[in-house]
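Spelled out from the first residue to the last, the chains are:
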Amino acid sequence: MSKPALGFIGLGKMGAPMSKRLMEAGHTVYVFDRDEAALAHIVSAGAKRMVSVKEVADHAETVILSLPTPEIVDAVCLHSGGLIEGSKVKRVVDLSTIGPRAAAAVCKALEVAGIVYVDSPVSGGVMGAVKGTLAVMVSCPRSHFDDLESTLAIFGKTFYLGEKAGQAQTVKLANNIMSVAAVAITSEAVVMGVKAGVDPKIMLDVINAGSGRNTASADKFPRCVLPRTFDVGFAAALAYKDVRLCVEEAEHIGVPMVVGSAVRELMSITLAVCGKDADFSDVVKVLESWAGVEVRG
Ligand code: NAD
């Protein structure tokens, strides 16, 4: 049986490999990105080039989004020329991290036009997107999850979190504040070790055999900091956005976040010091400059 055609908007670090996986699995994919180079790359891999968001929504019943911020998701879905004006679209699957309140608002606005919003953020980084090993969190009406599950499984392991848009976003923000906090505290600890004269490679080996082990010590530091490539593939601006959304959401529902607030400030400093194109792992450079040392493998 032929697989349904899909739309895909946002062909960046995550969207590019995910849309390729859909094509490899036999789906025709109608794509759009406002960045011509990102669009051309996926079209050369076999996707159908569309010239606008609306054109994607005129060709596919299910349109997938992988976009940077809540403001951009809102515009792509609801502004003039947005998905909401498409003639064919019936369902929007949003893989972006935008926070629970933005997800609920977009869901409500699309509902008025008879379009179902599937809240479906992902975790596991660019490598997870390439290999299809992401954690795919989903909240939407159960029947839509059942219908989409085999498609979402192309991206990784699926987790159903409930009927309400925003429930998956809450879990995604919780996951990411922990991930960013791990990078922040590992940066502080390893820079301290280097300043005290310890070899950072041996220090990480010890931590990874001990109780301090985390995703930064086990993966990001050996892969991107010791060789000084600083290419985790997740922008510091997006990490900051996720932590900010998490702390704001926690405040909104009455949960103080002391550690999370400190992590947010450190990400804000990283952006101010390293610039808007900084990688998530550039946090280490900030700590290094304060301490006057360099973490090298
Ligand atoms: P990215 O910046 O690499 O890609 C976003 C793409 O969206 C870009 O190609 C950009 O040109 C396009 N875009 C922006 N505005 C647009 C518009 N108005 N119309 C059409 N295209 C538009 O970001 P990414 O790293 O791929 O992340 C995408 C989403 O996934 C974000 O919400 C991010 O927080 C989340 N995420 C990222 C990672 C990661 O490791 N990079 C992991 C999990 C989740």
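As shown above, the structure is provided for reference.
Below: a short report on this structure. (Residues numbered from 1 in each chain as written. Predicted model: local features only at pLDDT ≥ 70, side-chain atom pairs only at ≥ 80, totals over all residues. Heavy atoms only, no water.)

**Comments concerning the nonpolar core**
Then, in step 1: With 54 residues, the main nonpolar core has Phe-8, Ile-9, Leu-65, Leu-83 and Phe-155 as its most contacted residues.
Then, in step 2: With residues near it in sequence (within four places) discarded, Ile-9 still touches Phe-32, Val-53, Val-56, Val-63, Ile-64, Leu-65, Ser-66, Leu-67, Val-76 and Leu-83. (Core = buried A, V, L, I, M, F, W, Y, C linked by side-chain atoms within 4.5 Å. Buried < 20%, exposed > 50% of the residue type's maximum accessible area, 1.4 Å probe, protein only. Contact = heavy atoms within 4.5 Å.)

**Topic: helix α9 (residues 200-209)**
Then, in step 1: Among the residues of α9, those classed as buried are Pro-200, Met-203 and Leu-204. Looking straight down α9, one finds that the buried residues subtend no more than 95 degrees of arc, so they occupy a single side. With respect to the buried face of α9, the exposed residues turned more than 90 degrees away are Ile-202, Val-206 and Ala-209.
Then, in step 2: For α9, the secondary structure elements touched by its buried residues are α8 (167-195) and α10 (215-225).
Then, in step 3: Where α9 begins, the side chain of Asp-199 points an oxygen toward the backbone nitrogen of Lys-201, at a separation of 2.8 Å. (Helix = DSSP H or I, 4+ residues; strand = E, 2+ residues; numbered from the N terminus. Arc of directions from axis to C-beta. Polar contact = N/O pair within 3.5 Å; in protein donor to acceptor, adjacent residues only side chain to side chain.)

**Some thoughts on the packing of α8 against helix α12 (residues 258-274)**
Then, in step 1: Where α8 contacts α12, the two axes come as close as 10 Å, and the packing angle between them is 70 degrees. In terms of axis orientation, α8 runs roughly perpendicular to α12. Two secondary-structure elements touch here, α8 through Ile-177, Val-180, Ala-181, Ala-184 and Glu-188 and α12 through Gly-260, Val-263, Leu-266 and Met-267.
Then, in step 2: When the residues that make up the contact of α8 with α12 are grouped by side-chain class, the tally is seven nonpolar, one polar and one charged. (Axes fitted to C-alpha atoms, helices over the stretch in contact; angles between N-to-C directions. Parallel < 35°, antiparallel > 145°, perpendicular 65-115°, else oblique. Nonpolar A, V, L, I, M, F, W, Y, C, P; charged D, E, K, R; others polar.)

**Focus: the packing of aromatic side chains**
Then, in step 1: Enumeration according to the criterion identifies two aromatic pairs in this entry.
Then, in step 2: When the centroid spacing of 5.5 Å and the interplanar angle of 85 degrees are considered together, the rings of Phe-234 and Phe-280 count as edge-to-face. Placement of Phe-234 in the loop between α10 and α11 (236-252) and of Phe-280 in the loop between α12 and α13 (283-291) is noted, with a sequence separation of 46 residues between them.
Then, in step 3: The ring of Tyr-160 carries the charged tip of Arg-142 above its face, separated from the ring centre by 4.6 Å.
Then, in step 4: The residue whose ring lies beneath Lys-285 is Phe-230, and the NZ or CZ to ring-centre distance is 4.5 Å. (Phe/Tyr/Trp six-rings, centres within 6.5 Å; stacked < 30°, edge-to-face > 60°. Lys NZ or Arg CZ within 6 Å of the ring centre and 35° of its normal.)

**Some points on the environment of Ala-250**
Then, in step 1: Relative to the assigned elements, Ala-250 resides in helix α11.
Then, in step 2: A residue is classified by how much of its surface remains accessible, and Ala-250, at 5% relative accessible area, is buried.
Then, in step 3: Taking C-alpha positions, Ala-250 is 9.7 Å from Ala-174, a pair spaced 76 residues apart along the chain.
Then, in step 4: Residue contacts for Ala-250: discarding those within four places in its chain leaves Val-255 and Met-257.

**Considering the side chain of Ser-123**
Then, in step 1: Inspection of the secondary structure puts Ser-123 in strand β7 (residues 122-123).
Then, in step 2: Of the polar contacts made by the side chain of Ser-123, one reaches the side chain of Asn-175; its length is 3.0 Å.
Then, in step 3: Residues within four places of Ser-123 in sequence aside, it is in contact with Leu-134, Ala-135, Met-137, Lys-172 and Asn-175.

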